[in-house]
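# Notes for the structure review
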Amino acid sequence: MTSQSWRSLRVKKYQFSLRLFLFLNLASSLFSMLSPVYSISAITLPLVLITVISAGLLLGHWAWAEKKINIPAISILFGCLWAWHIAIKLPLLDNANFNYLVIALLSVLFVGAIAFSNNIIAFTFHSLPVLITCLVLGEGDQWLRMVYCFALPVIGISIQSVIQRRNDNFAQGLMYKLLEERQTLNDLSMLDPLTGLYNRRGLQNRLETLMSLDASGHYVLLLDIDYFKAYNDHYGHMMGDQALIQVSAAIRNVVRSRDIVTRYGGEEFMVLLTSTTADTALETAERIRQRVYDLKIPHMFNHSVATNVTVSIGLAPLLGEDIDGALALADKALYEAKHLGRNNILTSEALQGA
């Protein structure tokens, strides 16, 4: 899981908490209207506002999920509306029924505890206006029970938040550690994960083995896919990866098993032809060029020219163990092959002769 995935998960949890809160408030307001706990049904202005606002926000958030709503602000708004509703309804009850205050407080605490099990601030903002209202209207009666009812979920949610935060930090730290280790393993790996060819580390390992056995008769081919940036821009990086896979397979199928094929850069390949002659190396380069062209991978590299994916190749001998010198000569030949029109092969001898 990447950092972006982690943030996406947190956003989804935030959205779920908000939607659950709005749904519970809508359900509670409708229940209070249609089937009140006490016989007196008081459809008050705050109760209507709770119904309308919760329904509107719920529908709006479903339609525009990317819009972020401030949960603490929403929670204190609904808390004040519930407190207002309680203050209006209590005088309508016979004998100032203080049990109603406890039940009303518990209802609000229930909604807050379910919706904000990991958000102590939102829970407090939602519940505190109702608690204060109940304490004031109760005139000291059952105040200890009310405070206890409020304090218990506050303590529970606080503990849950601490535990959740520690778990999240541990999981996130573990995720970053795993990503670092995966990157380390990729760096240590000798194979390119996309094409299955050797990477530069693998090339160096094979070179050391090769030079210890035989240091003569080797040739270096540097290949570059023509107009590959334009290919990515036109067809997308996914199709670009597929083209790289097909080209690398074509190269691998042409050369011998003892030759070394390396993905040298993004769209650049290096082939080390071992124990061969100049004529055979040139023939091999031509077979590679033709094999890639025969793949018939469509490539429109500008608005007026349409063709197939092709490669340009620079060829140079490996003298002794001077791999850097051979690569430099092959790179110059490759550059000139591209300058001559691409889909070309040029040897370092021909370049020096010119």
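Residues numbered from 1 in each chain as written. Predicted model: local features only at pLDDT ≥ 70, side-chain atom pairs only at ≥ 80, totals over all residues. Heavy atoms only, no water.

The line we're drawing: UniProt positions are given in the numbering used here, feature names are shortened, and annotations may be inferred rather than shown by experiment.
Within an unreviewed UniProt entry, the label attached to the chain reads diguanylate cyclase, and the organism entered is Scandinavium hiltneri. Recorded under Cofactor (unreviewed entry), the UniProt text for the chain is reproduced unchanged: "Mg(2+)". In its Catalytic activity (unreviewed entry) section, the UniProt entry covering the chain states "2 GTP = 3',3'-c-di-GMP + 2 diphosphate".

## Overview of the nonpolar core
Counted only if it meets this: By nonpolar core we mean a set of buried residues, namely Ala, Val, Leu, Ile, Met, Phe, Trp, Tyr and Cys, connected to one another through side-chain atoms within 4.5 Å. The cut-offs for exposure are 20% and 50% of the maximum accessible area for each residue type, with area from a 1.4 Å probe on protein chains only; residues under the lower value are buried, those over the upper are exposed, and the others partly exposed. The helix and strand labels rest on DSSP assignments: H or I over at least four residues marks a helix, E over at least two residues marks a strand, and numbering proceeds from the N terminus. Contact criterion: two residues are considered in contact whenever any of their non-hydrogen atoms come within 4.5 Å of each other.
Among the nonpolar cores identified, the biggest contains 38 residues, and Phe21 and Val130 are the most heavily contacted of them. Where this core is concerned, the elements lending two or more residues are helix H1 (3–34), helix H2 (45–63), helix H3 (71–89), helix H4 (99–115), helix H5 (120–138) and helix H6 (143–188). At nine residues, the largest contribution of residues to this core is made by H4. Sequence-distant contacts of Phe21, defined by excluding residues within four places in its chain, comprise Ile74, Ser75, Phe78, Val111, Ala115, Phe116 and His126. Of all hydrophobic cores here, the second largest spans 27 residues; its members include Leu197, Val292, Ile297 and Val311.

## Quick word on the packing of aromatic side chains
The line we're drawing: Aromatic pairing here means that ring centres of Phe, Tyr or Trp (its six-membered ring) are within 6.5 Å. Orientation follows from the plane angle: under 30 degrees is stacked, over 60 is edge-to-face, and everything else is tilted.
Evaluated as defined, the whole model comprises five aromatic pairs. Each ring, one from Phe228 and one from Tyr231, has its centre 6.0 Å from the other, and the planes form 10 degrees; the classification is stacked. One end of the pair, Phe228, and the other, Tyr231, are both in helix H8 (residues 228–235), three residues apart, so they sit about a helical turn from each other. Residue Tyr231 is classed as buried on the basis of its relative accessible area of 2%.

## Here's the deal with the sheet that holds strand E2 (residues 260–263)
To keep things clear, this is the line we draw: Paired strands are those between which DSSP finds at least two bridges. The axes are straight lines fitted to the C-alpha atoms, using for helices just the contacting stretch, and the angles between their N-to-C directions are given from 0 to 180°.
Taken together, five strands build an open sheet; the order of strands is E2-E3-E1-E6-E7 and the sheet is mixed. Strands at the two margins of the open sheet, each flanked by one partner only, are E2 and strand E7 (345–347). When strand polarity is set aside, the average angle formed by the axes of neighbouring strands in this sheet is 20 degrees. As defined by bridge partners, strand E1 (residues 218–225) adjoins strand E3 (residues 268–273) across six bridges and the pair is classed as antiparallel. If you follow Val220 over to E3, its bridge partner there is Leu272. Relative to E2, helix H7 (residues 200–213) is tilted by about 155 degrees, and along the sheet it contacts E1, E2, E3 and strand E6 (311–318). Lying over the sheet, helix H11 (residues 323–339) contacts E1, E3, E6 and E7, oriented at roughly 150 degrees with respect to E6.

## Observations regarding the UniProt feature "transmembrane region" (unreviewed entry) in the chain
As annotated in UniProt, the feature "transmembrane region" (unreviewed entry) corresponds to residues 20–38, 44–64, 71–92, 98–116 and 144–163 in the numbering used here. Across residues 44–64 one finds 90% helix and 0% strand; the C-alpha atoms that close the span lie 30 Å apart.

## Considering the pattern of salt bridges
Pairing is possible between side chains that carry opposite charge, provided their charged atoms lie close to one another. Inclusion rule: When a carboxyl oxygen of Asp or Glu lies within 4 Å of a side-chain nitrogen of Lys or Arg, that pair is called a salt bridge.
As enumerated under the stated definition, the model contains six salt bridges in all. A salt bridge links Arg289 to Glu286; its shortest N-O distance comes to 2.8 Å. With Arg289 and Glu286 both in helix H10 (residues 278–294), this residue pair falls three residues apart, about one helical turn. What makes Arg289 buried here is its relative accessible area of 12%.

## What about the pairing of E6?
Threshold: Seen with its strands pointing away from the viewer, a crossover is right-handed when the path leading from the first strand over the helix to the second is clockwise.
Burial analysis of E6 places eight of its eight residues in the buried class, which makes it a mostly covered element. Inspection of the sheet shows E1 paired to E6 by eight bridges, in the antiparallel sense. The partner of Leu221 across the bridge, within E6, is Leu315. Relative to E7, E6 runs parallel, the two being bridged by three bridges. Paired with Gly314 across the bridge in E7 is Leu346. Between E6 and its parallel partner E7, the chain crosses via H11, and the hand of that crossover is left-handed.

## As for H2
Structurally, the α-helix is built with 3.6 residues per turn, so residues lying three or four positions apart point the same way. For the record, the criterion: Expected span, for any helix, means 1.5 Å times one less than how many residues it has.
Between the first and last C-alpha of H2 there are 27 Å, a value that for 19 residues agrees with the 27 Å anticipated at 1.5 Å per step. Among the residues making up H2, those that are buried are Pro46, Leu47, Ile50, Thr51, Ser54, Leu58, Gly60 and His61.

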